[in-house]
Structure formats: C-alpha cells, structure tokens
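Listed below, chain by chain, are the residues.
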Amino acid sequence: MRSVVRLAYGVTTGRGQQVRDASGQAVAEPSPGRPGAPVAVGPADADPRPAVAELNRLLAADGGDVAAGAGIELGGGFVSARLEGAPGDRRDAVLVALRVLGLDGLARLGERAGVLVALFGVEATRRVGAAAGRAIAEERWAALQLASAASALLGAEQLEHVLDLGRAAPSPAVGPGSRPAASPVAPEPHAMPSALADHLRRILGPLPRHRRLPLLLDLWQQVADRQEAARRTRRHLATQGRQNRLEELRRRYLAHEDDLVVRALRASVGHEPTLADAARWRPPTWYHTRLMTRAMHNAMAATVLLRTAVAVADHGVTEGLARCAGPIRAAAALMDDGEAGEAARRVPGLTGLPARPGCYVRNLAARLDAPPEQYVRQRLARASEYARVVLEAISDMVYDVADDLRDWSPAELRDWRAAAGYTPERPPAIWSQPPLAGEGRPPLSDRLAARPGVPPEEVETAGDLLWYAELADALLQLHGGVRAEVTFQHPFPYVNWWAPDQDEGPAPGLDTISSALAGAAQLVSLGARPSPRRCASWPDLVGGLSAELETAQGLMAAFPVPEPLAAADGTTIPGTDLRVECARDPRVLAGWSSYMGNCIAGPDYVEEAAKGECALLALRGPDGLVVANAEIRPRRLGWQIAELKARFNAEPDPELRERLTRWVAALPVPRPAGPEPEPEPDASELSVRGRPPGRRGPRRAGRVFGELRAPLAELAGRALARPAAVAALDTLRALDAARRLTPSRTLSRTSAGSARPVRDEGLDVLTALRRLPYPSGMERACLAALPVTGLPALWQATGVRPLALALEALDPELRARLGDLDPLLADAPLPGRLRELARYGAIAPARSMELVARRVRAALGRLARAADPALARQIARHPDRDALCALVIAVTGRPPAEPMSPITASGEHAVPGRPRSDLDDPAGPWRRALLGAVELGADLDAFRDRVAEGGLRVPVSWLGDGGWPALWQRACRPHRAAPPPRPDP
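What counts and what doesn't
- Residues numbered from 1 in each chain as written.
- Predicted model: local features only at pLDDT ≥ 70, side-chain atom pairs only at ≥ 80, totals over all residues.
- Heavy atoms only, no water.
- pLDDT = per-residue confidence, 0-100.
- Contact = heavy atoms within 4.5 Å.
- Core = buried A, V, L, I, M, F, W, Y, C linked by side-chain atoms within 4.5 Å.
- Buried < 20%, exposed > 50% of the residue type's maximum accessible area, 1.4 Å probe, protein only.
- Helix = DSSP H or I, 4+ residues; strand = E, 2+ residues; numbered from the N terminus.
- Salt bridge = Lys/Arg side-chain N within 4 Å of Asp/Glu carboxyl O.
- Pairing = 2+ DSSP bridges.
- Axes fitted to C-alpha atoms, helices over the stretch in contact; angles between N-to-C directions.
- Phe/Tyr/Trp six-rings, centres within 6.5 Å; stacked < 30°, edge-to-face > 60°.
- Lys NZ or Arg CZ within 6 Å of the ring centre and 35° of its normal.

What follows concerns the confidence of the model for the protein chain. Mean pLDDT over the protein chain stands at 83; residues scoring 70 or higher make up 88%. Of the regions scoring below 50 in pLDDT, residues 741–761 engages in 33 contacts with residues more than four places distant in sequence or in other chains.

Right, here's the structure in full:
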C-alpha cells in the first residue's frame, strides 16, 4: 500500500497515485525528498517515464521549479507538483507557469476559471479574466503580477485598471488625483505575488478602499519614470567609448599646454631657453589672459560635445546634430585653423586623440549637412573624458593666475550666448559666484537684479564663470543627473559633477515595484503607520511613513554584534568573492530588505537582533550588491545558520550554503558577558616577592599628590572650559547618544562667557565612553556616530587634549622635581604614585577626554585598515584635510585588504592636487598629520619605505569619480558648521 505524500499548498496525494521526482525515483513518506522539490504525480499503474521527461523539459525553463507547483499537465494522467515546504503560495506558481507556457499553454493548467481564482481569488470575474488574457497575450507580466498581489485589496473593476497598466492606450482615470499610467515597467521574474501581497497588506490595508488604486497607479508611474530615466542614461553612456582613455587624454592635454608655455618662453627670451631663463621668466599679464581664454574655449567646446552626445542618444544622429547646430558652429568658430592644427598634430609617445575638444567640434561643424553616423559617433565618444580633463585643468589654472585676470574677467560673451543660450537648470538670475578677479564687483545675480529687464547676455562676463558650471551640468546630464552641485567660493566655484549617492536611511527606492513595496513595508514594520491624510501620491505616502518613523524613534538603537562577528565584519567567505556585512541597526536592515524583497527588517528579526539573540548578515558580491541574507545564532558548541535566503527569498546556491556553514562553524563562541577584570598592577608597584613595596613608594606618591593636585587641577579646569574643549565634549556627547540613544546633556554659560558642564554631569559621558568594551565597543560607537557628527567634527574633537595643555602649562621646575608625568597621557595602567592624582578634581575628566580621544582615533585606524564601507563613504563625501592626511599615511604604511590607487610616483614627495602640498614640507599638512597617523596605528618606518617603493596610496573606495584631485580639493575646503545632533524624543 502506497503512503500518502504531502505536497505544497496543503495538497496530499491519493492512495492510488504515485509520485516521481525529476530523476524518476519514487517519493514516499517518511522520506519525501528535499522540501519543495518538483515532482510528477499520476496514476499508480501508469508508466511515469514520459511524464518525468516532460517534467525535466519544464524545469529547464527559467523558473521551472516554481512553475511545477501550478499543476501543469505532463501527459499520461500526470501533473506537476512540488513537495511540502515550498515557499509562497499557488498564485506564485501559476504566474510563473503562465510565463513559461504562454497563452497557448493555458489549457495545461486546468480549467480557466480555476486559474483565474488562483490568481485573483473571489474578484475573478469574467471582465477580470478578459483583462488578464490581454495582459498574458501582450506579455505584460508586471501588471499581471501587481494585480494578483493586490487582488485582496481591490475590487474587480479596480483590478481591471491594474491589468491594463503598460498598454499602448492609457487607462481611463479612476478618481480624483489619479492619472492614466500607460508607461511600461520591466517584469521581475523572481518577485513573487505572495510576497508583494504581504507588503501591500501592511501598506495599503489600513487605508480606505478608494485610496488604494490611485496609489498603486502612481507607484507604477513613478517606477516607470525611474526605469525610463535609467534606460535613457544607458543610451547616453552608450555614446561614449568603451575603453577608458582618460589618463592618456590628460597627458596629451597637459603636454600640449606645456608645449605652448615653452613656445611663449622661447619667444620672450629670443633664444632656446636655459633652466635659468625659465626660473627667471615671469609671464606677462597678456599671457595669462590668453591662457584663460583658451581654457574657456575648451570648456565651451566640451560642453557642446556633451550636449550633442545627449541629443544624438535621444533623437538619432541627424536630428541630434540639427538640434545642436547653432552651438556647434559657435564653438567651432572659437578655434582657428592654426590652433586646430597644433592641437591635432601627433606627438610620439602620446595618444593620437586631439589635445583640445574644439578639434572634434570643428569636424562636426564641417559635416552638419550630411553627417555620416559612424563619423559623428567617433567624434562624440570622448566627450566625457574631454570634459573631465578641462574641468581639472581650469581649477589648477585659476589657482595660479587668478590675480592676473582683472583685464580678462570683464570680457563679454554675447556671441556665445546668442548661439548657446542659457539652460533651465542654471538660470543666470541665481548665479551668485563672485566674479574672478572682480575686485569687489557684485555677482551676476545682483547685477541682473539691479538692472531689471536687461537681457542677461548683456550683463554676463567671462569672469562670472557661469560657463564653468554649465560644463559640469552637461557632464552630469550625460551620466543621468540634472544639475551639478555648486558651492560658491573664492577664487572660483567648487563643482561636484558626479551624481551623489542617495542619503542613507530606510526610505525605499523606486527602481522596481518589488523594491518600492518592500521598502515601504519595512517602514511600517519599524513602527510607522500609513495615514489617510498623507496619501495623495506614492511619494507622499512614503514621506509620511519616513517622517513618522523619524519622529517616533529618532536615532535607532544599535544591535549588539558579538566580538567574533565584529572582528569578521568586512572579511571574505573563504572560497568565494562574497564579503560579510553585519547588521548594526534597523536602518541597515531596511536598506537590505528594500533591495532583497524579503522581511529581514520585520519586527521579529529586529527584536531578536536587538536582544543579541541572533546576528543578521548580508553577503555582498564584488559589485557591492547583496547576494544573500543570513540569520545566525550562537549555540553552546558554536555558531549555526538559522536561515539563509537569496533575493526574493529564493534558495541560494548549495555550494554557497556549504561554504558559509563551514565559515560560521569556525567562528569562536562568544564569551558570556561579565564584569571587566581589574587591570593588572604595574610591575613597578610590586616587590620581588609580589607584595607592595615599603613606605618609600607611598611617601613619594603622597608628595606628588600633595604638590600637584591644586595647580594641575586648576589648569585642567581651565583647559576643559576652553571653547574648543566644550565643542569637543558636545561631539563626544553626540557620539555617546548615537551609540545608546540617551538624551545628550546641555551646557550652561557662566557670566564670564566660558562654558562649563552643569554640576559636572556633562562629563559623565567621558566615563561611559571609557568603559566601552575595547576595542569593539569604540568601533561600533564610531560607526554609529559618523553619520551624525561627520568625520571632520569627530577628528577635530579628538584632537582636543585638555590634560596635555595643563601639563604643558605647569611650572617646569615643579615638573622636573616630581619626575615623569607623561604616563598620565598614555592609555595604559598608571604607576602607583600617579593613581590618586589621576582621580582628583578636574584632572579626572581631562584625562578621560585624553584617553577617549586616543581610543576613538585608534578605532578609526582599525576601521580604515579593515576597509569598512561606512567609514569609506564618510571620507568620500565629507573629507577633512587633517584627518585625510593622517588616514592616508596610516593605510599607506599598513594597506587594507582592498584595491589601492597611487597618488604619487615611487619616491615622489610632491602630492598632486590643489592646493599644492609636499610630504617633506615642515609646515605642510602631511608633516603635521604624522602624530595623528601614529594614533591611528601607523607605522612611520613602513610608511616611508612604501612611499619610496610605490608612492603614496589611497583606497579606491575613498575616491569618487573625480579621483584624488577632487577628494583633496573637497578636503581642503573650509567646513561648514555641522548641524547639531537631533534631540532624542
């Protein structure tokens, strides 16, 4: 007698049926095979071989395992099925089966009515069936998937509107605030309707029924717009060359400029110049004017190439050139035949590309009437690289010659503006950059405001540098952005042309329907509640959820990550190229969940991770994307994997599971928490027999304490009351608040205007930070605080050393008489003669601030050497010159396990970038940073050896698209005052 086999979705086989797996083996209880395995179910007396063969043909299709659960006819009375334990429900299987079989194979799923009920439940009316049939025939799988997921929340008529999404003809409007949504959305074969339905239930379930459909239609359109923008960006970038030749072009450009300089020098001295002639030569003002004019013409030509590349990508070669014909002719006229010949002349050892972009603009201008497509695309393929080279060259040039451009700055640009016009992204009325070498002349925006009605082209001058920002705008638009970030400063504006990363946090993206729903659902899981008053559109709904979450929770509690995992965070799983990342707070989980389409940010996971009962991991590939999520738990004999899922809760590769299991099992078992052991007594405090020494030690300790306590405590109190110490203490409070969510204490002001802590309670934070588990506790605190305080403020705060100032101000004779006091500044056990002194009055908090500062810097050094991505993001976005120099020194001497980019050549001490700097300059930032680098853990001997062998180096993850020059320039800018940390609720 055959046993009953339990199948997926609550189905069991009859006693007269047989079950065969894909290999043809019979399946029977109590050994049913692996959970969710595809099988063929049919009569017990039938030959299963044809059905098994058909089952294997089905499984060869993409998604065949899932489709098997839909009950597809295999012939001979057999149907496909899945064993018990398959994730999701039957509608997942039916939808995948429809993609595999198509409309022609619909009959193999059984009766049409049964298929519709599986997809839409009780809302499966005849009209809904007709709309679903159209969606299947037109392969609009995204609309079918969304309609199936939303069937429990919408009525039959509303489902028809969803099923019509993506059609060529727009759907009729469905109510106030709604709009037709006909744009296509890319299908997501791996996203299951059952998971989307769960997200929708949490997001839209609390809202009135009439509000749900408009939100879904708006979500569809938002995702469609985002995907269309991504496709447009890919088209733009497809106009550029596949091989990166930026460095070759940079050398070609600089060599050409150097050649022009040598020619000018030769003409000035009247003979072949010697080295002494070059050292004595002072270029005349007219030369700098000509230099800047040529640079401006290069910028205009590069801008035209970029805009033409965008137009060609959007409209084709002929129409794209026609749209840009005026600017092309205007930019071509800025270069004469002689200049074009010099720039195009081949130079041995350098690339054959022209040195200036105007050469290619002239080529295009000559072919506007009959443009050969391949010819045009070749001239546009280096537009992005020309623009980057020109932007860098102009910033370097302005630093050198800004004071000699007073005659050049007022030059008019009427002819250029007549052809190129202005862009809506950069209107001249809001351009507030002070003119270059303008000697107090107001910016363009003020001059236009003072002359209402006057066309801007009659007021704008070359020195306003608006054309410089327009080049950055055009470069960003080629890469999918809209307007470059511009900061007005002297002597020229700082521009950030590369698209900035999205702010970190739980706000979901709109790249796909599933990621948008997963992200919004996680906001609900974290405590936000959908409000009917905030759902006019999908962005309003998500914005309301995010705002409520921020108000309700403020900064989110960090998860306790056990020491074995904290040490392994960022390492690579042996035998793979996947990097481990530990979740440290709910925000991280929300970001993972939004991309992965799973529930890892749900309340159960968050609660258990917050209690330390489990650890949640992400496995990231070389491209930075999450490949799988894992939940691991500590057991008495070691760590074990509780759950491991790939994207959309799919099963990961078995080999990955095996390798991760071995890696997890090898992790040390965390020790139970307990009180910190007392520090070992200093060897100087013990006699030969292990007992405290005689009376000589206490007498010496008493003398030191008696003579030093009053003057040193007074000096320490003054140092703590200095504004720098007060600001540093505020930053350390923010660090502690970010770590443990305690309200930061405030400072009061004395009548004399100096700040001091109220009843010394503000200094308690120093004690709390000193008592953090070392070193992992301080590393976690730094990672939690960096997004709040920023790296510049944290570095500046840890440079404040009140006890060191107090010791420096101490009477030299007193210091000499009482012996070495430097151990007070070291992070090590104190000798007995200094212990009582270290606990007295203001000396205690001053020493605590000293030790906390050293530990914070040591933690930053460890994070840098561990290639921590959170620290890398902070360095790339908000660098600080002093911190950057110290960190670069530290990682050059002790390189982290990540790719490094050379800054200088071997043995070279001049560091590129503006402003200039040199490793050997005694007053320069690099020499001043040596002490900070040592506190980061730098080995200065190894640093000098590595600079001699391979040059100064920086991790690639710290650099943006602008490379080292852009990072250095940002680091050297004056920092804006950091906003105060948000108070906890």
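After that view of the structure, there is still more to cover.
Counting 84 residues, the largest nonpolar core has L824, W926, W958 and W964 as the members making the most contacts within it. A301, C324, W431 and A474 belong to the second-largest nonpolar core, a separate cluster that totals 79 residues.

Quick look at the environment of L444 now. Within the secondary structure, L444 is located in helix 20 (residues 444–450). Judged by its relative accessible area of 0%, L444 falls in the buried class. Considering only alpha carbons, one finds L444 and G463, 19 residues apart in sequence, at a separation of 9.8 Å. When sequence neighbours within four positions are dropped, the list of residues in contact with L444 reads P428, W431, V459, E460, D464 and L466.

Here we take up the pattern of salt bridges. Throughout the structure, instances matching the rule amount to 54 salt bridges. The salt bridge involving E228 is made with R231; its shortest N-O contact spans 3.1 Å. Taken together, the residues span about one helical turn, with E228 and R231 both in helix 9 (residues 209–238) at a distance of three residues. Among the residues examined, R231 registers a relative accessible area of 27% and is labelled partly exposed.

For the rest of this paragraph, the subject is the sheet that holds strand 4 (residues 78–82). Reading across the sheet, the four strands line up as 1-2-4-3 and stay open at both edges, with antiparallel pairing between neighbours. A single partner strand is all that each edge strand has here, and the edge strands are strand 1 (17–21) and strand 3 (73–75). With direction set aside, neighbouring strand axes in the sheet form an average angle of 35°. Taken together, the five bridges between strand 1 and strand 2 (residues 38–43) define a ladder with antiparallel strand orientation. Looking across to strand 2, one finds that V19 is bridged to V41. Relative to strand 2, helix 1 (residues 49–59) is tilted by about 150°, and along the sheet it contacts strand 1, strand 2, strand 3 and strand 4.

Inspection of the entire model under this criterion finds eight aromatic pairs. Their ring planes at 85° and their centres at 6.3 Å tell us that W467 and Y468 sit as a pair that is edge-to-face. An identical accessibility class is assigned to W467 and Y468; each is buried. Measuring from centroid to centroid gives 5.6 Å for W926 and W968, while their planes differ by 10°, and the two rings are stacked. Taken together, the positions of W926 in helix 39 (residues 925–928) and W968 in helix 42 (residues 963–971) put the pair 42 residues apart, joining distant regions of the chain. For the pair shown, W926 and W968 are each scored as buried. Aromatic ring contacts, followed pair by pair, group W281, W286 and Y287 into a single cluster. The ring centre of Y375 lies 4.3 Å from the NZ or CZ of R367, which sits over that ring. The cationic tip of R857 hangs over the ring face of W795; the distance from NZ or CZ to the ring centre is 3.7 Å.

Two strands pair when backbone bridges link them, and strand 9 (residues 626–635) and strand 10 (residues 638–646) are joined in this way by eight bridges, in the antiparallel orientation. Paired with R635 across the two strands is G638, which belongs to strand 10. Following strand 9, the chain reverses through two residues before pairing antiparallel with strand 10.

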